[in-house]
Amino acid sequence: MTESALPVPGWAREVAASLGEGPHVVVTGISPSGHIHIGNLREVLVGEAVCRALRERGEEVRFIFHADTADPLRKIAPGVPKEYERYLGHPIAKIPDPAGEHESYAESFLAPFERALHAMGMEIDVLRSHELYEKGVYTEVTREALEHTEELRRIMNEVTGREMPEGWSPYVPRASSGKLTGNRFVRHLPDEHKVVFVTEEGREEVADYSKGEGKLGWRVELAARWKALGVTFEPFGKDHTSRGGSTDTADLMAREVFGYPVPGRYEYEWLQIRGLGAMSSSRGIVLLPGEMLEIMPPDALRLLVLGRDPSRALDVDVAAGFPRFMDEYRAAVGEPEVPFTHLALVAQTFGEDIGGAAEALRHSGYGAAAEDEGRLARDLYYARNWAERWAPEEQRFKMTGEVPGLASQLGEEERTYLGIVAERLGTEMDAEEIQETLYSAARELGIKPRRAFAALYAALLGRKSGPKAGPFIAGAGVEVVRERLRSVAGGEV
RNA sequence: GGGCCGGUAGCUCAGUGGUAGAGCAGGGGACUUUUAAUCCUCGUGUCGUAGGUUCGAUCCCUACCCGGCUCACCA
């Protein structure tokens, strides 16, 4: 996979133009405490587009995805066993993966996302905050924060309008119990880069912040991270940028405490799933990058997620509206013209038979789409996956598991036809022979082909029409089809 | 309440300072050894409301109305 072939969007150029001379560090990130969905991907893609715009004008750019793996677990993701409540307040990098596949809770969500980023050809450094803390990347800024505790507290109080409690500290140490929450700060030992604190149980303990035995509180961490990583640009979702929000505190902290210029910013709006509203990891309503890459190529996903303008809310529709999106995408990037709905039909009809599909496409005037069989195979893969998983019912053609109710309405004549067809079909027949068999049998019986085929669709699909019958039956398997036709012909419905 | 984003043909949306477009749906027609597909043809709607800037605004500014989302550290 290579990087995007799409042109750099205009809005990204404008953003880049507002940033000064490089070198630049563009950072995006999220706390992997639940599924990382395409809403989160929007942030990464905004960052990527700005990176590309910067590079286009010759800047040196480092692009980072900062996974907040040191964050405490606040809520248990859907599907995670209830026993995990005992890990509430523990860093998600230190909690085991419920499925036992990955090395931690955080990693179980991060790994699939990272894989998708790489599949998209993204040139991005994926950093894990717990590793940064352990390696000492944040040691200096942590010391600085601790030395300016009162100033930071003042900013927190003023901006959020809430009084930080007694024992508040910009640094959140991890107790020997594993918990980050409930600890009260006592004092800072700058020479040893340690803090002394009292645990929930009232025990006095010590944490070494040069070794990752804790983390900065979220709002302070944001500003500290800018300085520690040299960040010059970061996109934010609108939840962070409301007044009194985390960007407000971080801006002040950066300027007044860390002496670091506030990085360039871009506010993006949220993605919604058509008909379902905003994505929500905690409600399990998400679209994942990985599953999206099974129905479209990376650049299509870029377009889908970014939309025309990421500062605007966007409804993502991967069901009924998807074919049109794909048609526009294909036209935009110069892919051979063929309606996506037609590809879906052909894909469902021919299954793995790429040659047959190519033939059918040529026949219906879409020869260009069949020219490159490698590309065609890929297109059919996307179309088939879409049809099976996301398409509206009327565009799915899959043999039902049971005899459809519609079959019971078939008349005597039609049943006879189906019975004859069942006898004549042979497992060695190819799609064309099957088609011929179906057609000639109808002729012989004096049934209008239209009715004969309708009967077939009723028996196989439970609907009045369907894809071209010969290839479809070849794809579904002659044996199962014969069995079905026999039972319908025999009146077992 | 603050913030952000919308309010354009039945539906979904695009659009530009100079008197508005697409897709779908719908109507009509053509073609085809079933299906699917394809082709031709038909769209005057106060561009949310009221003001303002301008020679001229749907597109710029202001106010208001309606809707969605977001502010409890889940983009």
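These numbers come from a predicted model, not from an experiment. Per-chain numbering applies: the sequence of each chain, read as written, is numbered from 1 onward. In the order they appear in the text, chains get letters beginning with A and ligands get numbers beginning with 1. Where totals are concerned, whole chains, interfaces and linings use all residues; where local detail is concerned, this predicted model gives features only for residues with pLDDT of at least 70, and gives and counts side-chain atom pairs only at 80 or more. Calculated side-chain values reflect all of the structure's heavy atoms, with hydrogen atoms and water omitted.

S.K.: How would you explain the layout of surface pockets if you had to name every residue and give the values?
M.R.: Rolling a probe over the atoms, with the probe sized like a water molecule, indicates the empty space that remains. Considering only enclosed or pocket space, the largest pocket measures out at about 1,100 Å³ in volume. If you go around the largest pocket, you meet 36 residues; those closest to its centre are Ile30, Ser31, Ser33, Asn40 and Asp239. The way it works is that DSSP assigns letters per residue, a run of H or I at least four long becomes a helix, a run of E at least two long becomes a strand, and they are numbered from the N terminus. At the level of elements, β1 (24-30), α2 (38-56), α7 (218-229), β9 (233-237) and α8 (238-241) are the ones that each hand at least two residues to the lining of the largest pocket. Each residue gets one label: Ala, Val, Leu, Ile, Met, Phe, Trp, Tyr, Cys and Pro are nonpolar, Asp, Glu, Lys and Arg are charged, and the others, such as Gly, are polar. A per-class count over the lining of the largest pocket returns 13 nonpolar, 13 polar and 10 charged. With a 1 Å grid spanning the protein atoms alone, the term cavity applies to any set of points in which a 1.4 Å probe fits but cannot get out, the term pocket to an open set with protein on both sides within 12 Å along at least five of seven lines, and the term lining residue to any residue with an atom within 4 Å of a point. Grid points are joined across faces, edges and corners, and a volume is the space filled by probe spheres set on the points.

S.K.: With reference to specific residues and values, describe the pattern of salt bridges.
M.R.: Between side chains of opposite charge, pairing is possible as soon as their charged atoms come close. When a carboxyl oxygen of Asp or Glu is within 4 Å of a side-chain nitrogen of Lys or Arg, the pair counts as a salt bridge. Using the criterion set out here, one finds 39 salt bridges in the structure. Note that Arg154 and Glu158 form a salt bridge whose closest N and O atoms lie 3.4 Å from each other. Here the residue Arg154 and the residue Glu158 both occupy positions in helix α6 (residues 149-160), the gap between them amounting to 4 residues, near one helical turn. Between Arg154 and Glu256 there is a salt bridge, and its shortest N-O distance comes to 3.0 Å. Remark: Glu256 occurs in helix α9 (residues 246-258) and Arg154 occurs in helix α6; sequence separation between them is 102 residues. The class for Arg154 is partly exposed, based on a relative accessible area of 35%. Through salt bridges that share partners, Arg330, Glu335, Arg378 and Asp379 make up one connected network. Using a 1.4 Å probe on the protein chains alone, a residue whose accessible area is under 20% of its type maximum counts as buried, one over 50% counts as exposed, and one in between counts as partly exposed.

S.K.: Lay out the side chain of Arg484 in plain terms, naming residues and giving numbers.
M.R.: With respect to the helices and strands, Arg484 occurs in helix α21 (residues 478-489). Charge convention: Lys and Arg are scored as positive, Asp and Glu as negative, and His as well as the terminal groups of each chain are ignored. Of the side chains bearing the opposite charge, Glu483 lies closest to the buried Arg484, which forms no salt bridge; the N-O distance is 7.9 Å. Within the local environment of Arg484, its side chain forms a polar contact with the backbone oxygen of Ala459, the two atoms lying 3.0 Å apart. Contacts are assigned to residue pairs with any non-hydrogen atoms lying within 4.5 Å of each other. With residues up to four places along the chain from it excluded, the contact list for Arg484 reads Met399, Thr400, Gly401, Glu402, Val403, Pro404, Ala459 and Leu460. Whenever a nitrogen or oxygen atom comes within 3.5 Å of another N or O atom, the pair is scored as a polar contact, on the condition that within protein one atom can donate a hydrogen and the other can accept it, and that pairs from neighbouring residues in sequence are kept only if both atoms are in side chains.

S.K.: Quick rundown of the protein's contact with RNA strand B? Include the residues and the values.
M.R.: Lining the immediate environment of RNA strand B, one finds 40 residues, of which Trp218, Gly237, Lys238, Leu345 and Gly466 sit closest. Consider each residue's heavy atoms; a residue with any of them within 4 Å of a molecule or strand counts as near. Within 4 Å of the protein, atoms of RNA strand B come from sugar and phosphate in 70% of cases. At 3.0 Å from a sugar or linking oxygen of RNA strand B is found a main-chain nitrogen or oxygen belonging to Gly237. Note that a base nitrogen of RNA strand B is positioned 3.0 Å from one of the backbone N or O atoms of Leu271. Of all elements in the fold, only α2, α8, β11 (271-273), α13 (340-350), α18 (431-445) and α19 (449-460) reach the threshold of two or more residues within the surface near RNA strand B. Sorting elements by how many residues they give to the surface near RNA strand B places α19 first, with 4 residues. Its residues placed into classes, the surface near RNA strand B shows 15 nonpolar, 14 polar and 11 charged.

S.K.: Pulling in residues and values, what's your account of the packing of aromatic side chains?
M.R.: Paired rings are identified among Phe, Tyr and Trp, the last through its six-membered ring, by centres lying within 6.5 Å, and are further divided according to the angle between planes into stacked (under 30 degrees), edge-to-face (over 60) and tilted (the rest). Under the defined criterion, the tally for this structure stands at 12 aromatic pairs. With 4.7 Å between their ring centres and 55° between their planes, Tyr133 and Tyr138 make a pair best called tilted. In this pair, the class of Tyr133 matches that of Tyr138, namely buried. Here the aromatic residues Tyr84, Tyr87, Tyr105 and Phe109 are joined through ring pairs into a cluster of three or more.

S.K.: An account of the environment of Leu461 is requested, with residue identities and associated values reported.
M.R.: When you line up the elements, Leu461 lands in the loop between α19 and α20 (469-476). Look at Leu461 and you get buried, because its relative accessible area is 7%. Along the sequence, Leu461 and Phe350 sit 111 residues apart, while their C-alpha atoms lie 16 Å from each other. Ignoring anything within four residues of it in the chain, the contact list for Leu461 reads Phe397, Lys398, Met399, Thr400, Pro404, Leu456, Gly466, Pro467 and Phe472.

S.K.: Tell me about the sheet that holds strand β6 (residues 194-198), and please be specific about residues and values.
M.R.: Strand order in the open sheet made by the 3 strands is β5-β6-β7, with antiparallel pairing throughout. Every interior strand has two partners, whereas the edge strands, β5 (184-189) and β7 (204-208), have only one. This sheet shows a mean twist of 25° between the axes of neighbouring strands, independent of strand direction. Paired strands, in this sense, are two strands between which DSSP finds at least two bridges. As defined by bridge partners, β5 adjoins β6 across 5 bridges and the pair is classed as antiparallel. Each residue of the ladder has a partner; that of Arg184, found in β6, is Val198. An axis is simply a line fitted to the C-alpha atoms; with a helix, the fit covers only the stretch in contact. Between two such axes, the angle follows the N-to-C directions and lies from 0 to 180 degrees.

S.K.: Could you give an account of the packing of α13 against helix α14 (residues 354-363), with specific residues and numbers?
M.R.: Describing two packed helices takes the angle between their axes plus the distance from one axis to the other. It is the contact of α13 with α14, at a shortest axis distance of 9 Å, that shows an interaxial angle of 140°. In terms of orientation, α13 and α14 fall into the oblique class. The two elements α13 and α14 meet at a crossing, and its hand is right-handed. Every residue of α14 that contacts α13 at His342, Val346 and Phe350 is listed here: Gly356, Ala357, Ala360 and Leu361. When describing relative orientation, an angle under 35 degrees is termed roughly parallel and one over 145 degrees roughly antiparallel, while 65 to 115 degrees is termed roughly perpendicular and anything else oblique. Handedness of each helix crossing follows the sense of rotation of the near helix against the far helix: counterclockwise by less than a right angle gives left-handed, clockwise gives right-handed.

S.K.: Any chance you could break down the side chain of Asp379 for me, citing the residues and the numbers?
M.R.: Here Asp379 shows up in helix α16 (residues 373-389). Here Arg330 takes part through its side chain, which lies 3.2 Å from a polar atom of the side chain of Asp379. In this view, Asp379 contacts Arg330, Glu335 and Leu343; residues no more than four positions away in its chain are not counted.

S.K.: Would you mind going over α13 in detail, with residue names and values included?
M.R.: With 9 of 11 residues buried, α13 is to be regarded as a mostly interior element. Within α13 the residues assigned to the buried category are Phe340, His342, Leu343, Ala344, Val346, Ala347, Gln348, Thr349 and Phe350. In the stretch just after α13, Gly351 is the one whose phi turns positive, near 55°.

S.K.: Before we move on, could you go through unusual backbone geometry and cite the residues and values that matter?
M.R.: The phi torsion at His193 lies on the positive side, around 40°, for a residue other than glycine. One can find His193 in the loop between β5 and β6. His193 sits in the partly exposed class, given a relative accessible area of 26%.

S.K.: Tell me about the sheet that holds β11, residues and numbers included.
M.R.: With mixed pairing, 3 strands are arranged side by side in an open sheet as β12-β11-β13. Single-partner strands in this sheet number two, and they are β12 (277-278) and β13 (314-316). Relative to β13, β11 runs parallel, the two being bridged by 3 bridges. By the bridge assignment for β13, Ile273 is matched with Val316.

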